[in-house]
Amino acid sequence: GDLCASKKYIIMNTHSLKLNYIWNRIIPNFSFESWRSIPSEYMAPGVYRWSITRANGDTSYYIGESVNLRRRIRNYSVPGPNQMTSLRINKLFKTELKRKSKILLELIDLKELRVDNKVFSKKDLKSSYTRKLIENLVLVEHSDLKVHNL
């Protein structure tokens, strides 16, 4: 009879990737009313970074992405009862503010994102795939720091 043979296919893809960005400070000193003063231009998709600097100088970073940054900050400030991540972040921020920690928010200003020959622009941040790609690249890039993914 015929023997059943399995074949193993290995397909290797190599990609080139370039990410160039700067962090723009949006909220230099967070309070639970901060979201009210964020300009409407930040009602747009983006990748953000919270920095929490404690009195002893220890700093933790939290990286995330959102389709609407202003709404995300409002949700952290005034979370709904079923918004588990927002409730957790709200509790963390309350604890850190009581400890006199400094909390600031920065947003990535995308200068260049290129995967192979495809060039991405700020308008491509509407895609959650693009935002998550940038978010994860930043997390990998900063893996030596105290970085957390929200």
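Residues numbered from 1 in each chain as written. Predicted model: local features only at pLDDT ≥ 70, side-chain atom pairs only at ≥ 80, totals over all residues. Heavy atoms only, no water.

Comments concerning the overall build of the protein chain
Put simply, the test is: Secondary structure follows DSSP: runs of H or I at least 4 residues long count as helices, runs of E at least 2 residues long count as strands, and numbering of each begins at the N terminus. Both definitions apply: the radius of gyration is a C-alpha atom measure, and the globule rule equals 2.2 Å times residues to the power 0.38. Remark: exposure states derive from per-residue accessible area (1.4 Å probe, protein chains only) relative to the maximum for the residue type, with buried under 20%, exposed over 50%, and partly exposed in between. Any two residues whose heavy atoms approach within 4.5 Å are treated as being in contact. To be clear on the numbers: accessible area is Shrake-Rupley with a 1.4 Å probe, and residue cover counts the displayed protein chains and nothing else. The charge count treats Lys and Arg as positive and Asp and Glu as negative. His and the chain ends do not count. Note that the charge is assigned to NZ on lysines, CZ on arginines, CG on aspartates and CD on glutamates.
Each helix and strand in the protein chain was counted, giving 3 helices and 6 strands. Order of helices (α) and strands (β) in the protein chain, N terminus to C terminus: β-β-β-α-α-β-β-α-β. Whereas a compact globule of 150 residues would reach a radius of gyration of roughly 15 Å, the protein chain reaches 20 Å, over 25% beyond that. Each principal axis of the C-alpha atoms in the protein chain carries an extent, and together these give about 75 × 35 × 30 Å. Expressed as a percentage of the 150 residues in the protein chain, the buried residues total 41%. Expressed as a percentage of contacts within the protein chain between residues at least 6 apart in sequence, the contacts between residues at least 24 apart total 70%. Taken as a whole, the protein chain presents about 9,800 Å² of accessible surface, with 51% of it coming from carbon and sulfur. Mean positive and mean negative side-chain charge positions of the protein chain (27 and 14 charges, respectively) differ by 7 Å.

Focus on the pairing of strand β3 (residues 59-66)
Selection rule: When DSSP finds two or more bridges between a pair of strands, those strands are recorded as paired.
A large share of β3 lies buried, amounting to 8 of its 8 residues. Here β3 shows a buried face lined by T59, Y61, I63 and E65 and a second buried face lined by S60, Y62, G64 and S66. The hairpin formed by strand β2 (residues 46-53) and β3 contains 5 residues between the paired strands, and G57 there has a positive phi angle of roughly 90°.

Structural notes on the packing of helix α1 (residues 69-77) against helix α2 (residues 84-98)
We apply this condition: Inter-axis angles, ranging from 0 to 180 degrees, are taken between N-to-C directions of lines fitted to C-alpha atoms, where helices are fitted over the stretch in contact. Angle categories are assigned with fixed cut-offs, so that under 35 degrees is roughly parallel, over 145 is roughly antiparallel, 65 to 115 is roughly perpendicular, and the rest are oblique.
Contact geometry of α1 with α2 gives a least axis separation of 7 Å together with a crossing angle of 65°. When the axes of α1 and α2 are compared, the pair comes out roughly perpendicular. Judged by residue contacts, N75, Y76 and S77 of α1 engage S86, I89 and N90 from α2.

Details of the packing of aromatic side chains
Test applied: Any two of the Phe, Tyr and Trp rings considered here, Trp counted by its six-membered ring, make a pair once their centres fall within 6.5 Å; the pair's planes then place it as stacked at under 30 degrees, edge-to-face at over 60, or tilted in between. We count a charge as sitting over a ring when the NZ of a lysine or the CZ of an arginine lies within 6 Å of the ring centre and within 35 degrees of the ring normal.
This model, assessed by the stated rule, comprises 7 aromatic pairs. Among the aromatic residues, those joined into a cluster by ring pairs are F30, F32, W50, Y76 and F93. The ring of W35 carries R74 above its face, with NZ or CZ at 6.0 Å from the centroid.

A closer look at the confidence of the model for the protein chain
The predicted structure's coordinates, where accompanied by low pLDDT, should not be read in detail. Quick note on the threshold: Scored from 0 to 100, pLDDT records how confident the predictor is in each individual residue.
Considering every residue of the protein chain, the mean pLDDT works out to 89; 93% of them sit at 70 or more. Predicted confidence in the protein chain is weakest over strand β6 (residues 147-149), with a mean pLDDT of 67, and strongest over strand β5 (residues 118-120), with 96.

Overview of the pattern of salt bridges
Just so we agree on the cut-off: Salt bridges are defined as contacts in which a side-chain nitrogen from Lys or Arg sits within 4 Å of a carboxyl oxygen from Asp or Glu.
Considering all chains together, one arrives at 10 salt bridges under this definition. Between K18 and E112 there is a salt bridge, and its shortest N-O distance comes to 3.4 Å. Separated by 94 residues along the polypeptide, K18 in strand β1 (residues 17-27) and E112 in strand β4 (residues 102-115) bring together distant segments of the chain. In this structure K18 comes out as partly exposed when scored by relative accessible area, which is 44%. Between E65 and K132 there is a salt bridge, and its shortest N-O distance comes to 3.1 Å.

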